[in-house]
Amino acid sequence: MVAIEVIDTTIRATDRVDNVVEVETVGWDEIAPAHAFSKQVDGRIGGRVTAITVPASFAQINTYEDGELGRPQPIHPEETPMECADRAVLLGEGVISVSVRFDRPGTIDFEDEGSVTISFEQPTPVTVGFESRVSYPRHTVTVPRTTDGVAAAISYFSSAVRQDAPHRSADPNRRHPPRLTYGDGYDVPEAVRTNVAETGLELVVPDELAFLFPAAPLAYYLGARVVVEAGDRAHLRTDEGDVLAELGALPAYQYEIARLLRRVFLIECLVRYDQVASADPAELPLVDQLSFDPAAYVEASDIERVRTCLGLEFDRVSRALPEWHAVSFVEPTLAHARGLPYLVRDLSAVMLPDAAPGRERDGAHETHRTRHAAMPARALDGGPHGAALAWLGEDDPPDETLYVPTVESYESATRYLDRQPETDRVVVVCTDDDRRSAAQLGAELLDQYGPDTLAIDVHHGLTRAELRDLFEADVDLLHVVGDVEGGIACADGVLDPTDVGRSNARVVFLDGPDGFETGRACVQNGSVAGIVRDGSTAAADRAARTQLFGLLARGCTIDEAVRYAPGPTPGTPFRALGDAVVQVTQSMKLYCTLATVESLGVDRFRVCAHQYIPKAGFIWRPGVEDVPARLCAQPFEFTTTGTQLAGLVASEDIIPIVDGEIRWTVADEPFYPFV
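Residues numbered from 1 in each chain as written. Predicted model: local features only at pLDDT ≥ 70, side-chain atom pairs only at ≥ 80, totals over all residues. Heavy atoms only, no water.

Q: I'm lost on a negative patch on the surface in this one. Help?
A: A cluster of acidic residues, Asp148, Asp207, Glu208 and Asp232, forms a negative patch at the surface. Secondary-structure assignment places Glu208 in the loop between strand E16 (201-205) and helix H3 (209-222). (Patch = residues over 30% accessible without salt bridge, like charges linked within 9 Å, V, L, I, M, F, W, Y side chains within 5 Å. Areas by Shrake-Rupley, 256 points an atom, 1.4 Å probe, with all protein chains shown as cover. Salt bridge = Lys/Arg side-chain N within 4 Å of Asp/Glu carboxyl O. Lys, Arg positive; Asp, Glu negative; His and termini not counted. Charge placed at Lys NZ, Arg CZ, Asp CG, Glu CD. Helix = DSSP H or I, 4+ residues; strand = E, 2+ residues; numbered from the N terminus.)

Q: So what exactly am I meant to see when it comes to the packing of H3 against helix H4 (residues 252-275) here?
A: Angle between the axes and distance between the axes are the two parameters that describe a pair of packed helices. Interaxial distance between H3 and H4 falls to 9 Å at its minimum, and their mutual angle equals 10°. By the angle between their directions, the pair H3 and H4 is classed as roughly parallel. Contact residues: H3 offers Ala210, Phe211, Pro214, Ala215, Pro217, Leu218, Tyr221 and Leu222, while H4 offers Tyr253, Gln254, Ile257, Leu260, Leu261, Val264, Phe265 and Glu268. Per-class residue counts for the contact of H3 with H4 are 14 nonpolar, 1 polar and 1 charged. (Axes fitted to C-alpha atoms, helices over the stretch in contact; angles between N-to-C directions. Parallel < 35°, antiparallel > 145°, perpendicular 65-115°, else oblique. Contact = heavy atoms within 4.5 Å. Nonpolar A, V, L, I, M, F, W, Y, C, P; charged D, E, K, R; others polar.)

Q: How do you make sense of the pairing of strand E31 (residues 593-599) when you look at a structure like this?
A: Side-chain direction in a regular strand flips from residue to residue, so the side chains alternate between the two faces of the sheet. Examined bridge by bridge, E31 and strand E36 (residues 654-658) share 5 bridges and lie parallel to one another. Bridged to Thr596 within E36 is Ile657. Examined bridge by bridge, E31 and strand E32 (residues 605-610) share 6 bridges and lie antiparallel to one another. When the bridges of E32 are listed, Val597 appears paired with Val607. The turn joining E31 and E32, which pair antiparallel and follow one another in sequence, is formed by 5 residues; a positive phi near 125° is taken by Gly601. (Pairing = 2+ DSSP bridges.)

Q: Whenever I open this one, the pattern of salt bridges confuses me. Can you help?
A: Side chains carrying opposite charge are able to pair once their charged atoms draw close together. Applying the stated rule across the entire model yields 35 salt bridges. Arg506 serves as the salt-bridge partner of Asp476, at 3.9 Å between the closest nitrogen and oxygen. Taken together, the positions of Asp476 in strand E25 (residues 475-481) and Arg506 in strand E28 (residues 505-511) put the pair 30 residues apart, joining distant regions of the chain. For the residue pair Asp476 and Arg506, the accessibility class agrees, reading buried in each case. Beyond isolated ion pairs, a larger network of salt bridges with shared partners links Asp171, Arg174, Arg345, Asp346 and Lys615. (Buried < 20%, exposed > 50% of the residue type's maximum accessible area, 1.4 Å probe, protein only.)

Q: Got a minute to help me understand the pairing of E16 in this structure?
A: Most of E16 is tucked away: 5 of the 5 residues are buried. Here E16 pairs with strand E18 (residues 234-238) via 4 bridges, running antiparallel. Looking at E18, one finds that Glu202 is bridged to Arg237. Bridge count between E16 and strand E17 (residues 225-228): 4 bridges; the pairing is parallel. Its bridge partner being in E17, Glu202 is matched across the sheet by Arg225. In this fold, E16 hands off to H3, which returns the chain to E17; that crossover is right-handed. (Right-handed = clockwise from strand over helix to strand, strands pointing away.)

Q: Hey, could you run me through the packing of aromatic side chains in this one?
A: How two aromatic rings sit relative to each other is given by the distance of their centres and the angle of their planes. Tallied over the full model, the rule gives 10 aromatic pairs. Between Tyr221 and Phe265, the ring centres sit 5.6 Å apart and the planes meet at 65°, which makes this aromatic pair edge-to-face. Here Tyr221, found in helix H3, pairs with Phe265, found in helix H4; they are 44 residues apart in sequence, far enough to count as distant. Of the two residues examined, Tyr221 and Phe265, each falls in the buried class. Judged by centre distance (5.7 Å) and plane angle (55°), the rings of Phe509 and Phe549 are tilted. With Phe509 in strand E28 and Phe549 in helix H16 (residues 542-554), this pair connects stretches of sequence that are 40 residues apart. Classification of Phe509 as buried rests on a relative accessible area of 1%. On the basis of relative accessible area, Phe549 is assigned to the buried category, the value being 0%. Members of the aromatic cluster, joined through ring pairs, are Tyr221, Phe265 and Trp324. We note Arg16 situated over the ring of Tyr136; from NZ or CZ to the ring centre the distance is 4.6 Å. The ring of Tyr136 carries Arg138 above its face, with NZ or CZ at 4.8 Å from the centroid. (Phe/Tyr/Trp six-rings, centres within 6.5 Å; stacked < 30°, edge-to-face > 60°. Lys NZ or Arg CZ within 6 Å of the ring centre and 35° of its normal.)

Honestly, it's all geometry; don't read function into it.
Structure (structure tokens):
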């Protein structure tokens with residue numbers, strides 16, 4: 001997962017998608033690792049040092065007391081240099097997080113470039129651990145093509161949850177569930193079987209796939225065994241038969257189970273920040289309103305924790321907490337069940353197709369959708385801001401704002417993990433001379449605003465064989481400008497994506513009208529994600545195309561770029577396909593942030609950051625004095641000066657939206673009058 005090499009006194013760790021972190025040392029002398037870590041790491045190395053410097057956007061120190069790790073404490077630059085006790089772990093977050101364990105006293109200091117150094121009076125053994133944020137299924141579970149088989153597979157998903165409550169509410173503690181495949185019997189790897197926690201919880205559902213699909217995220221998070229029984233109603237019980245929660249019949253069931261997942265997860269986020277984490281988000285005082293003992297919660301059994309969550313007056317604080325960050329509307333078939341591990345990894349709620357935007361529903365069904373924050377606002381009101389919404393089904397989605405993954409696009413993603421080229425490759429293909437300007441625009445924007453490692457090639461007038469070769473070559477983004485309805489027009493005919501041996505273009509942008517089915521064929525044949533145009537015969541608006549490429553270059557996900565590209569124009573000329581939470585380019589942060597900005601007068605601005613990321617359990621620190629961190633997946637409002645705002649745009653990868661206009665180019669002159 002992480003390759004480690006030592007170059008002179010520098011330790012370099014590289015993960016499977018070529019993220020790199022470098023740790024600098026003084027007096028490095030490599031030895032066998034002398035320590036273990038309380039959490040799983042992807043690689044470790046040991047050595048003696050007199051000083052070690054770790055990159056850290058958020059640094060913490062955690063000390064051992066009586067053989068047990070205490071609560072990690074943040075390291076503030078203004079409080080350094082500081083002495084730290086022996087037997088401690090220095091933690092630095094990043095795309096590859098770094099842990100340094102040692103057993104002698106040291107001195108900690110901040111460096112100007114955002115790194116932390118710990119120094120020792122004499123050569124000291126340290127163990128350096130690296131943990132990548134890249135997530136992929138490490139194992140495969142084989143089950144029969146039955147509801148019992150799918151229930152068993154879902155029951156094994158929790159083998160990827162590395163720690164129990166409340167630590168599991170932190171994203172790094174939830175790894176990717178095993179793949180699901182079908183066979184004549186059951187084949188479960190020992191590494192999966194032995195890592196399923198004995199929680200004593202059972203999620204009992206009727207013998208229908210329509211009940212199993214919404215159960216998957218909750219079973220994964222709680223570590224509940226899924227049991228199929230006759231009937232038409234579901235419930236959560238103990239393995240001794242005590243019913244903890246009635247979840248009802250369809251259609252209410254899917255909303256009730258989503259509400260329960262949100263309730264337990266957010267309560268555990270609050271407990272984690274109150275008891276074991278060092279951050280202090282603005283929502284933390286809500287713990288007092290819930291009237292329970294968070295310390296006792298940490299020590300309780302899994303069953304007792306569920307009972308506690310169910311007994312709290314959660315509705316008192318619910319609206320002050322984030323809505324759910326992602327919802328997937330999935331047609332419940334055996335084929336689509338293979339997509340559940342990928343949806344569950346990021347804790348997407350799983351709903352049935354009738355719950356999706358654009359579907360007609362009776363009054364009772366609609367009432368369930370709007371109760372108790374069971375559904376994020378964007379699924380009710382539309383618009384670009386808010387949760388990621390996916391449609392996994394054979395039919396076309398009922399609403400154009402839903403991105404459309406396929407099982408194949410999820411399963412293809414692991415093929416791209418080990419690509420580690422020196423440059424990211426973008427290929428632009430124009431098959432229509434009248435549209436050369438559109439092809440040139442995309443190439444110029446990515447060249448100007450994309451990372452320095454981007455290599456861009458432009459081709460015109462390709463034959464089917466030549467385009468087939470480009471699909472089969474390793475390409476990060478393939479932008480095809482021309483006719484794409486029913487296949488891709490070439491100089492000697494039309495290329496059907498299914499005629500390609502396998503698409504090795506990670507992201508495909510089919511820039512011509514009516515390319516939906518052709519794009520879906522690309523992601524079913526090996527691409528991870530795609531962008532297609534709607535059915536309009538007119539060329540997409542130049543401003544919308546410009547913003548699309550600009551947002552992709554800034555590090556937006558495919559889904560976000562498609563949502564925001566039209567700007568104030570109603571509707572969207574683009575559609576997102578495949579695993580649309582991937583990024584074409586990596587921003588300086590994990591994800592960039594769209595934020596609406598409103599002037600409040602002279603040098604004062606109201607900022608509403610739409611900090612929605614496709615993962616659960618994160619907080620966002622805007623870096624503004626007297627503005628505390630907040631949990632993601634909710635609007636984040638604060639006021640600031642023009643100078644501070646300019647600094648935020650530069651340092652926090654914020655993309656301002658002013659009067660409906662997206663200012664994705666940070667160096668644009670129109671932004672700086674704010675200052």
